[in-house]
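Observations on chain architecture
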Amino acid sequence: MMAGVAEKPAPAIVALLVEDDQKLAALTAEYLKGHGVEVLVCGDGASALQEARRTRFDVVLLDLMLPGRSGLQVCRELRERSDVPILVLTARGEEADRVLGLELGADDYLTKPFSPRELLARIQAQGRRARGQAGPSARPIAVGELLLDPPALRATLGGRELLLTAYEFHLLRALAERAGHVVSRERLLELVRGSAEEAFDRSIDVHISRLRAKLGDDPKRPRILKTVRGAGYQLVPTPGR
(Lines give C-alpha, C1' and ligand atoms only; values in the text may rest on other atoms or scores of the structure.)
Protein backbone atom coordinates (compact mmCIF):
# COMPACT_ATOMS: atom_id res chain seq x y z
CA MET A 1 0.00 0.00 0.00
CA MET A 2 1.34 3.48 -0.90
CA ALA A 3 2.48 5.68 1.96
CA GLY A 4 -0.11 8.21 3.03
CA VAL A 5 -3.00 6.35 1.37
CA ALA A 6 -5.42 4.84 3.87
CA GLU A 7 -6.85 1.43 3.11
CA LYS A 8 -10.54 1.72 2.27
CA PRO A 9 -12.61 -0.02 4.97
CA ALA A 10 -15.00 -2.77 3.95
CA PRO A 11 -18.61 -1.56 3.69
CA ALA A 12 -20.85 -2.44 6.61
CA ILE A 13 -23.06 -5.50 6.32
CA VAL A 14 -26.70 -4.50 5.96
CA ALA A 15 -29.17 -6.91 7.58
CA LEU A 16 -32.95 -7.14 7.60
CA LEU A 17 -34.17 -8.55 10.92
CA VAL A 18 -37.73 -9.93 10.75
CA GLU A 19 -38.86 -10.56 14.34
CA ASP A 20 -42.20 -9.84 16.02
CA ASP A 21 -40.84 -10.05 19.59
CA GLN A 22 -40.04 -6.36 20.05
CA LYS A 23 -37.78 -6.84 23.08
CA LEU A 24 -35.72 -9.57 21.39
CA ALA A 25 -35.55 -7.57 18.17
CA ALA A 26 -34.33 -4.46 19.99
CA LEU A 27 -31.66 -6.36 21.96
CA THR A 28 -30.47 -8.23 18.86
CA ALA A 29 -30.34 -5.06 16.74
CA GLU A 30 -28.47 -3.18 19.48
CA TYR A 31 -25.83 -5.92 19.72
CA LEU A 32 -25.36 -6.16 15.96
CA LYS A 33 -25.17 -2.39 15.48
CA GLY A 34 -22.52 -2.29 18.20
CA HIS A 35 -20.48 -4.69 16.07
CA GLY A 36 -20.70 -2.84 12.77
CA VAL A 37 -23.84 -4.37 11.24
CA GLU A 38 -26.52 -2.01 9.94
CA VAL A 39 -29.92 -3.42 10.94
CA LEU A 40 -33.45 -2.68 9.79
CA VAL A 41 -36.16 -4.34 11.91
CA CYS A 42 -39.58 -5.47 10.66
CA GLY A 43 -42.21 -7.07 12.89
CA ASP A 44 -44.21 -8.93 10.24
CA GLY A 45 -43.77 -10.67 6.92
CA ALA A 46 -45.67 -8.20 4.73
CA SER A 47 -43.53 -5.20 5.75
CA ALA A 48 -40.38 -7.32 5.46
CA LEU A 49 -41.19 -8.15 1.83
CA GLN A 50 -41.83 -4.48 1.11
CA GLU A 51 -38.45 -3.50 2.59
CA ALA A 52 -36.71 -6.27 0.66
CA ARG A 53 -38.11 -4.76 -2.56
CA ARG A 54 -36.81 -1.29 -1.64
CA THR A 55 -33.37 -2.13 -0.28
CA ARG A 56 -30.59 -4.53 -1.23
CA PHE A 57 -29.66 -6.40 1.96
CA ASP A 58 -26.58 -8.55 2.53
CA VAL A 59 -28.52 -10.98 4.72
CA VAL A 60 -32.08 -11.52 5.98
CA LEU A 61 -32.58 -12.79 9.57
CA LEU A 62 -36.00 -14.40 9.50
CA ASP A 63 -38.10 -15.64 12.41
CA LEU A 64 -40.53 -18.42 11.44
CA MET A 65 -43.29 -17.53 13.92
CA LEU A 66 -44.68 -14.27 12.53
CA PRO A 67 -48.16 -12.72 12.59
CA GLY A 68 -50.08 -12.91 9.33
CA ARG A 69 -47.73 -14.20 6.65
CA SER A 70 -45.52 -16.89 8.18
CA GLY A 71 -41.75 -16.90 8.05
CA LEU A 72 -41.83 -19.91 5.74
CA GLN A 73 -44.08 -18.01 3.31
CA VAL A 74 -41.75 -15.00 3.48
CA CYS A 75 -38.77 -17.27 2.83
CA ARG A 76 -40.44 -18.74 -0.25
CA GLU A 77 -41.40 -15.33 -1.65
CA LEU A 78 -37.97 -13.84 -1.00
CA ARG A 79 -36.26 -16.72 -2.74
CA GLU A 80 -38.53 -16.43 -5.79
CA ARG A 81 -37.22 -12.93 -6.48
CA SER A 82 -33.80 -12.72 -4.83
CA ASP A 83 -30.65 -14.69 -3.99
CA VAL A 84 -30.09 -12.75 -0.73
CA PRO A 85 -28.72 -15.06 2.01
CA ILE A 86 -31.52 -16.05 4.41
CA LEU A 87 -30.71 -17.07 7.98
CA VAL A 88 -33.73 -18.57 9.74
CA LEU A 89 -34.13 -17.80 13.46
CA THR A 90 -36.63 -20.07 15.15
CA ALA A 91 -37.70 -21.34 18.55
CA ARG A 92 -38.82 -24.53 16.86
CA GLY A 93 -36.34 -27.26 17.62
CA GLU A 94 -37.84 -29.94 15.41
CA GLU A 95 -35.66 -31.08 12.53
CA ALA A 96 -38.63 -31.05 10.12
CA ASP A 97 -39.08 -27.27 10.51
CA ARG A 98 -35.41 -26.57 9.92
CA VAL A 99 -35.32 -28.83 6.87
CA LEU A 100 -38.49 -27.24 5.45
CA GLY A 101 -36.92 -23.79 5.76
CA LEU A 102 -33.84 -24.98 3.90
CA GLU A 103 -35.97 -26.64 1.22
CA LEU A 104 -37.81 -23.34 0.69
CA GLY A 105 -34.52 -21.54 0.08
CA ALA A 106 -32.96 -20.59 3.43
CA ASP A 107 -29.17 -20.77 3.54
CA ASP A 108 -28.69 -21.41 7.24
CA TYR A 109 -30.59 -21.51 10.55
CA LEU A 110 -30.08 -20.78 14.22
CA THR A 111 -32.34 -22.11 16.99
CA LYS A 112 -33.49 -19.83 19.82
CA PRO A 113 -32.18 -19.09 22.35
CA PHE A 114 -29.01 -18.33 20.38
CA SER A 115 -25.72 -16.72 21.25
CA PRO A 116 -25.47 -13.15 19.83
CA ARG A 117 -21.80 -13.85 19.14
CA GLU A 118 -22.65 -16.91 17.05
CA LEU A 119 -25.35 -14.96 15.21
CA LEU A 120 -22.82 -12.23 14.41
CA ALA A 121 -20.30 -14.80 13.14
CA ARG A 122 -22.88 -16.37 10.83
CA ILE A 123 -24.02 -12.98 9.54
CA GLN A 124 -20.41 -12.02 8.76
CA ALA A 125 -19.82 -15.33 6.98
CA GLN A 126 -22.98 -14.94 4.87
CA GLY A 127 -22.10 -11.33 4.11
CA ARG A 128 -18.62 -12.29 2.90
CA ARG A 129 -20.05 -15.05 0.72
CA ALA A 130 -22.68 -12.76 -0.76
CA ARG A 131 -19.96 -10.23 -1.67
CA GLY A 132 -17.65 -12.89 -3.07
CA GLN A 133 -15.06 -12.32 -0.36
CA ALA A 134 -15.01 -15.88 0.98
CA GLY A 135 -12.50 -18.42 -0.23
CA PRO A 136 -8.83 -18.24 -1.19
CA SER A 137 -9.04 -17.99 -4.99
CA ALA A 138 -10.93 -15.79 -7.44
CA ARG A 139 -9.85 -17.70 -10.54
CA PRO A 140 -12.53 -19.21 -12.80
CA ILE A 141 -13.18 -22.92 -12.23
CA ALA A 142 -14.05 -25.15 -15.19
CA VAL A 143 -15.26 -28.72 -14.76
CA GLY A 144 -16.46 -30.07 -18.09
CA GLU A 145 -19.51 -28.02 -19.08
CA LEU A 146 -19.63 -26.37 -15.66
CA LEU A 147 -18.00 -22.94 -15.33
CA LEU A 148 -17.78 -20.99 -12.06
CA ASP A 149 -16.87 -17.31 -11.75
CA PRO A 150 -16.10 -16.78 -8.01
CA PRO A 151 -15.92 -12.95 -7.92
CA ALA A 152 -19.36 -12.69 -9.54
CA LEU A 153 -20.79 -15.73 -7.71
CA ARG A 154 -21.92 -16.85 -11.17
CA ALA A 155 -22.15 -20.41 -12.48
CA THR A 156 -23.12 -21.73 -15.90
CA LEU A 157 -23.65 -25.27 -17.19
CA GLY A 158 -23.35 -25.70 -20.94
CA GLY A 159 -23.77 -21.93 -21.31
CA ARG A 160 -26.97 -21.89 -19.21
CA GLU A 161 -26.77 -19.68 -16.13
CA LEU A 162 -27.60 -21.40 -12.84
CA LEU A 163 -29.61 -19.25 -10.43
CA LEU A 164 -27.82 -20.12 -7.19
CA THR A 165 -27.88 -18.62 -3.71
CA ALA A 166 -24.53 -17.60 -2.23
CA TYR A 167 -24.52 -20.73 -0.05
CA GLU A 168 -25.31 -22.99 -3.02
CA PHE A 169 -22.57 -21.36 -5.09
CA HIS A 170 -19.92 -21.92 -2.42
CA LEU A 171 -21.07 -25.50 -1.89
CA LEU A 172 -20.81 -26.15 -5.64
CA ARG A 173 -17.45 -24.41 -5.68
CA ALA A 174 -16.10 -26.62 -2.88
CA LEU A 175 -17.13 -29.71 -4.88
CA ALA A 176 -15.86 -28.31 -8.20
CA GLU A 177 -12.44 -27.57 -6.74
CA ARG A 178 -12.29 -31.27 -5.78
CA ALA A 179 -14.01 -32.65 -8.88
CA GLY A 180 -13.65 -36.41 -9.24
CA HIS A 181 -12.95 -36.84 -5.52
CA VAL A 182 -15.42 -37.83 -2.81
CA VAL A 183 -15.93 -35.05 -0.24
CA SER A 184 -17.46 -36.00 3.11
CA ARG A 185 -20.41 -34.13 4.60
CA GLU A 186 -18.22 -33.06 7.52
CA ARG A 187 -15.59 -31.62 5.17
CA LEU A 188 -18.21 -29.77 3.13
CA LEU A 189 -19.56 -28.18 6.31
CA GLU A 190 -16.05 -27.08 7.24
CA LEU A 191 -15.43 -25.63 3.77
CA VAL A 192 -18.74 -23.83 3.37
CA ARG A 193 -19.80 -22.90 6.89
CA GLY A 194 -16.43 -23.03 8.63
CA SER A 195 -17.51 -25.56 11.26
CA ALA A 196 -18.29 -29.26 11.47
CA GLU A 197 -20.42 -28.90 14.60
CA GLU A 198 -23.58 -29.83 12.66
CA ALA A 199 -22.02 -32.53 10.50
CA PHE A 200 -24.86 -34.95 11.21
CA ASP A 201 -27.60 -32.44 10.48
CA ARG A 202 -29.56 -32.84 7.25
CA SER A 203 -28.80 -29.32 5.98
CA ILE A 204 -26.10 -30.45 3.55
CA ASP A 205 -28.44 -33.10 2.13
CA VAL A 206 -31.10 -30.46 1.49
CA HIS A 207 -28.67 -28.09 -0.23
CA ILE A 208 -27.30 -30.94 -2.37
CA SER A 209 -30.86 -31.78 -3.41
CA ARG A 210 -31.47 -28.16 -4.41
CA LEU A 211 -28.21 -28.05 -6.34
CA ARG A 212 -29.14 -31.22 -8.24
CA ALA A 213 -32.46 -29.68 -9.25
CA LYS A 214 -30.74 -26.55 -10.56
CA LEU A 215 -28.12 -28.61 -12.41
CA GLY A 216 -30.95 -30.58 -14.04
CA ASP A 217 -29.56 -33.77 -12.52
CA ASP A 218 -31.77 -36.83 -12.09
CA PRO A 219 -32.13 -37.28 -8.29
CA LYS A 220 -32.48 -41.07 -8.70
CA ARG A 221 -29.60 -41.49 -11.15
CA PRO A 222 -27.46 -38.33 -10.90
CA ARG A 223 -24.71 -38.02 -13.49
CA ILE A 224 -23.15 -34.78 -12.23
CA LEU A 225 -23.50 -34.67 -8.45
CA LYS A 226 -23.33 -38.18 -7.06
CA THR A 227 -23.86 -39.55 -3.57
CA VAL A 228 -21.27 -42.08 -2.45
CA ARG A 229 -23.08 -43.99 0.26
CA GLY A 230 -21.39 -43.72 3.63
CA ALA A 231 -18.64 -41.47 2.25
CA GLY A 232 -20.01 -38.19 0.92
CA TYR A 233 -20.58 -36.45 -2.40
CA GLN A 234 -18.69 -36.31 -5.68
CA LEU A 235 -18.88 -33.86 -8.57
CA VAL A 236 -18.25 -35.82 -11.75
CA PRO A 237 -16.61 -33.96 -14.65
CA THR A 238 -18.94 -34.12 -17.64
CA PRO A 239 -17.54 -33.76 -21.18
CA GLY A 240 -18.75 -30.84 -23.26
CA ARG A 241 -21.36 -31.56 -25.84
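Structural data are supplied above this passage.
Residues numbered from 1 in each chain as written. Predicted model: local features only at pLDDT ≥ 70, side-chain atom pairs only at ≥ 80, totals over all residues. Heavy atoms only, no water.

Take the sheet that holds strand S3 (residues 59–63) next. Reading across the sheet, the five strands line up as S2-S1-S3-S4-S5 and stay open at both edges, with parallel pairing between neighbours. Among the strands making up the open sheet, the edge pair consists of strand S2 (37–42) and strand S5 (108–111). Along the sheet, successive strands turn relative to each other by an average axial angle of 20 degrees, direction set aside. By the bridge criterion, four bridges tie S3 to strand S4 (residues 86–90) in an arrangement that is parallel. Paired with Leu61 across the two strands is Leu87, which belongs to S4. (Pairing = 2+ DSSP bridges. Helix = DSSP H or I, 4+ residues; strand = E, 2+ residues; numbered from the N terminus. Axes fitted to C-alpha atoms, helices over the stretch in contact; angles between N-to-C directions.)

Quick look at the packing of helix H7 (residues 185–192) against helix H8 (residues 203–215) now. Direction vectors running N to C along H7 and H8 enclose 80 degrees, while the axes themselves pass 10 Å from each other. Classed by the angle they form, the pair H7 and H8 counts as roughly perpendicular. Note on element contacts: H8 touches H7 through Ser203, Ile204 and Asp205, opposite Arg185, Leu188 and Leu189. For the contact of H7 with H8, a count of residues per class yields three nonpolar, one polar and two charged. (Parallel < 35°, antiparallel > 145°, perpendicular 65-115°, else oblique. Contact = heavy atoms within 4.5 Å. Nonpolar A, V, L, I, M, F, W, Y, C, P; charged D, E, K, R; others polar.)

A sheet is described by the order of its strands in space; here four strands give the open sequence S6-S7-S8-S9, paired in antiparallel fashion. The open sheet has two edge strands, strand S6 (141–143) and strand S9 (160–162), and neither has a second partner. Put simply, the sheet's adjacent strands are angled 20 degrees from each other on average, direction ignored. Strand direction decides the pairing type here: strand S7 (residues 146–149) and strand S8 (residues 154–157), joined by four bridges, are antiparallel.

This part is about the nonpolar core. Leu146, Leu172 and Leu235 are the most contacted members of the largest nonpolar core, which has 29 residues in total. For this core, the leading source of residues is helix H6 (residues 166–176), giving eight residues. The contact partners of Leu172, leaving out residues within four places of it in the chain, are Leu146, Leu148, Ala155, Leu162, Leu164, Leu211 and Leu235. (Core = buried A, V, L, I, M, F, W, Y, C linked by side-chain atoms within 4.5 Å. Buried < 20%, exposed > 50% of the residue type's maximum accessible area, 1.4 Å probe, protein only.)

Let us look at the pattern of salt bridges. Inspection of the entire model under this criterion finds 13 salt bridges. For Asp107, the salt bridge goes to Arg79, with nearest N and O atoms at 3.1 Å. Linking Asp107 in the loop between helix H4 (95–103) and S5 with Arg79 in helix H3 (residues 71–81), this pair joins segments that are 28 residues apart in sequence. We classify Arg79 as buried; its relative accessible area is 16%. Measuring nitrogen to oxygen at the nearest pair gives 2.7 Å for the salt bridge that ties Glu118 to Arg122. (Salt bridge = Lys/Arg side-chain N within 4 Å of Asp/Glu carboxyl O.)

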